[in-house]
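Observations on the three-dimensional arrangement
Below are the chains, spelled out letter by letter.
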There are 2 protein chains.
Amino acid sequence: MGDSTQLLDRAFAALADPTRRDLVARLSVSDATVGELAEPYEMSFQAVSKHVKVLEEAGLVTRSRDAQRRPVHLNREAFDLMTQWIERYRREAEERYRRLDALLARTAQDDEDRRTEKEQAS
Amino acid sequence: MGDSTQLLDRAFAALADPTRRDLVARLSVSDATVGELAEPYEMSFQAVSKHVKVLEEAGLVTRSRDAQRRPVHLNREAFDLMTQWIERYRREAEERYRRLDALLARTAQDDEDRRTEKEQAS
DNA sequence: AACGTATTCAACCAATCAGTTGACAACAAC
DNA sequence: GTTGTTGTCAACTGATTGGTTGAATACGTT
């Protein structure tokens, strides 16, 4: 069981929440403090702080320290890990589909051939 | 709020569970019935059935009917939706990083220039 | 009609989660 | 040192989740 398992668990779980996906979208434009991030939402400041913490523990986000501010910024590597996982299996499924497709085409061609043979025989 | 929001919610949540990620990995190799899927795990047959249902409701998987069997197979489109979402923000973050990098390089160059000017002045 | 196989449904339990409010910690400025 | 700002921690609540077991459904076989 690779070490990436827990990270994937957390990263996928983190992005399952629409608020957290929105935070990520905004952070992709520019870094921000928790206060700035919290501003547009209805929910309490502390709730947003919790969301940011979840993103941080998933490795999707890191924070530096600037006096009492803790600016948040995206961590691209974690995203890479996710796309790699998803793409791996998507691609395998696609491969398999292509092979199946080719097999069906071949079978259809065989049928065609058989029909043609019959026609020629008659 | 786009219609894809709920699907993304469910798809990310579905893949947050290691058992379900394992099911996806195995389904990328070949379609399988719930019984076949359940076989290697310690947990009850019904638990696996539930997991498959979660994957299905997330659009990650579809099922056909073959007598009493319900073979499960991967649905590539849902995976595309996820990678598109992830890649979009990963890319924007990367873009932004490159611009910042360029800015820093330019500033460093300016400093260098200033130093050189001073040297030439002396 | 009765039986076996493959699968789902229903009810329940413990754990986790997203949200709340109130108290606390770290730092800057006065 | 007191005050203001930025943020976290702790305790609570209701909803959801991953698991269980037992009963029910759907279909093929005899």
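The rules behind each value
- Residues numbered from 1 in each chain as written.
- Chains lettered and ligands numbered in written order.
- Predicted model: local features only at pLDDT ≥ 70, side-chain atom pairs only at ≥ 80, totals over all residues.
- Heavy atoms only, no water.
- Phe/Tyr/Trp six-rings, centres within 6.5 Å; stacked < 30°, edge-to-face > 60°.
- Lys NZ or Arg CZ within 6 Å of the ring centre and 35° of its normal.
- Least-squares fit on C-alpha atoms with pLDDT ≥ 70 in both.
- Contact = heavy atoms within 4.5 Å.
- Helix = DSSP H or I, 4+ residues; strand = E, 2+ residues; numbered from the N terminus.
- Polar contact = N/O pair within 3.5 Å; in protein donor to acceptor, adjacent residues only side chain to side chain.
- Axes fitted to C-alpha atoms, helices over the stretch in contact; angles between N-to-C directions.
- Parallel < 35°, antiparallel > 145°, perpendicular 65-115°, else oblique.
- Nonpolar A, V, L, I, M, F, W, Y, C, P; charged D, E, K, R; others polar.
- Buried area = accessible area lost by both parts, 1.4 Å probe.
- Salt bridge = Lys/Arg side-chain N within 4 Å of Asp/Glu carboxyl O.

**A closer look at the packing of aromatic side chains**
- In this structure the tally under the stated criterion is five aromatic pairs over all chains.
- Sitting above the plane of the Tyr97(B) ring, Arg76(A) keeps its charged end 4.7 Å from the centroid.

**Things to note about the relation of the copies chain B and chain A**
- At an RMSD of 0.0 Å, chain B and chain A line up after a rotation of 180 degrees and a shift of 0.0 Å along the axis. In symmetry terms, the pair is related by a two-fold rotation axis.
- Taken as a fraction of all interface residues of chain B, those also at the interface in chain A reach 100%, which identifies the copy contact as same-surface.

**Some points on the side chain of Ser28(A)**
- Within the secondary structure, Ser28(A) sits in helix 2 (residues 18-29).
- A distance of 3.3 Å separates the side chain of Ser28(A) from the side chain of Glu92(B), its partner in a polar contact.
- If we ignore the near neighbours within four places in the chain, the residues touching Ser28(A) are Leu74(A), Tyr89(B), Glu92(B), Ala93(B) and Arg96(B).

**Things to note about the packing of helix 2 (residues 18-29) of chain B against helix 4 (residues 45-57) of chain B**
All names here are of chain B.
- Put simply, helix 2 and helix 4 touch, their axes get as near as 10 Å, and they point 75 degrees apart. One way to sum up the angle between helix 2 and helix 4 is to call them roughly perpendicular. In this structure, helix 2 uses Thr 19, Arg 20, Leu 23 and Val 24 to contact helix 4, whose residues at the interface are Val 48, His 51, Val 52, Val 54 and Leu 55.
- Considering only residue class, the contact of helix 2 with helix 4 consists of six nonpolar, two polar and one charged.

**A few points about the interface of chain B and chain A**
- Facing the 32 residues of chain B at the interface are 32 residues of chain A.
- Together, Arg21(B), Arg76(B) and Arg96(B) form the three largest contributors to the area buried by chain B at its contact with chain A, with a combined 22%.
- For the pair chain B and chain A, the number of links is eight salt bridges.
- Counting across the chain B and chain A interface gives 16 residue pairs in polar contact (both at pLDDT 80 or more).
- Taken together, the elements giving at least two residues each to the side of chain B that touches chain A come down to helix 1 (4-15), helix 2 and helix 5 (76-121) of chain B.
- Here the element with the most residues in the side of chain B that touches chain A is helix 5 of chain B; it accounts for 15 residues.
- In terms of residue class, the side of chain B that touches chain A is made up of 18 nonpolar, four polar and ten charged.

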